[in-house]
Amino acid sequence: MTADLACQELVELLSHYLDNQLSQQAADHVELHLSDCPGCQTALEHLRTSVALTRSTQVASLAPDVRQRLLTEFRRITG
């Protein structure tokens, strides 16, 4: 991994970063980039918010059509 991560490369690593699935060296590179890139800081905060909202959503509380659309989209993405 290069010392200078491009924003696109960093965004692709953010979910692994949040899940502590990066090597220490990779995490250090992510943190270095984040320390000086407001756009990527915003992307990280959006991902954190999305994860928190997803974790707090109870499947049973979703309307059946919404639940079905989410399942269909999930299956499409995970193929």
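For clarity, every value in this text was computed on a predicted model and none was experimentally measured.

## Thoughts on the side chain of His-33
Item 1. Mapped onto the secondary structure, His-33 falls in helix α2 (residues 24–34).
Item 2. In this structure His-33 comes out as buried when scored by relative accessible area, which is 15%.

## Here's the deal with the layout of surface pockets
Item 1. For the largest pocket, the calculated volume is near 300 Å³.
Item 2. Here the lining of the largest pocket gets six residues from one element, more than from any other, and that element is helix α4 (residues 64–78).
Item 3. A breakdown of the residues in the lining of the largest pocket according to their chemical character gives six nonpolar, two polar and two charged.

## Considerations on the nonpolar core
Item 1. Among the nonpolar cores identified, the biggest contains eleven residues, and these are Leu-5, Leu-10, Leu-13, Leu-14, Tyr-17, Ala-27, Val-30, Leu-34, Cys-37, Cys-40 and Leu-44.
Item 2. Mapped onto this core, the elements with two or more residues apiece are α1 (7–18), α2 and α3 (38–56).
Item 3. Here this core takes four residues from α1, the largest share from any one element.
Item 4. With residues near it in sequence (within four places) discarded, Leu-44 still touches Leu-14, Tyr-17, Leu-18 and Leu-34.

Criteria and cut-off values
- Residues numbered from 1 in each chain as written.
- Predicted model: local features only at pLDDT ≥ 70, side-chain atom pairs only at ≥ 80, totals over all residues.
- Heavy atoms only, no water.
- Helix = DSSP H or I, 4+ residues; strand = E, 2+ residues; numbered from the N terminus.
- Buried < 20%, exposed > 50% of the residue type's maximum accessible area, 1.4 Å probe, protein only.
- 1 Å grid on protein atoms, 1.4 Å probe; cavity = no way out; pocket = protein on both sides within 12 Å on 5 of 7 lines; lining within 4 Å.
- Points joined across faces, edges and corners; volume = space filled by probe spheres on them.
- Nonpolar A, V, L, I, M, F, W, Y, C, P; charged D, E, K, R; others polar.
- Core = buried A, V, L, I, M, F, W, Y, C linked by side-chain atoms within 4.5 Å.
- Contact = heavy atoms within 4.5 Å.

None of this, on its own, says anything about what the molecule does.
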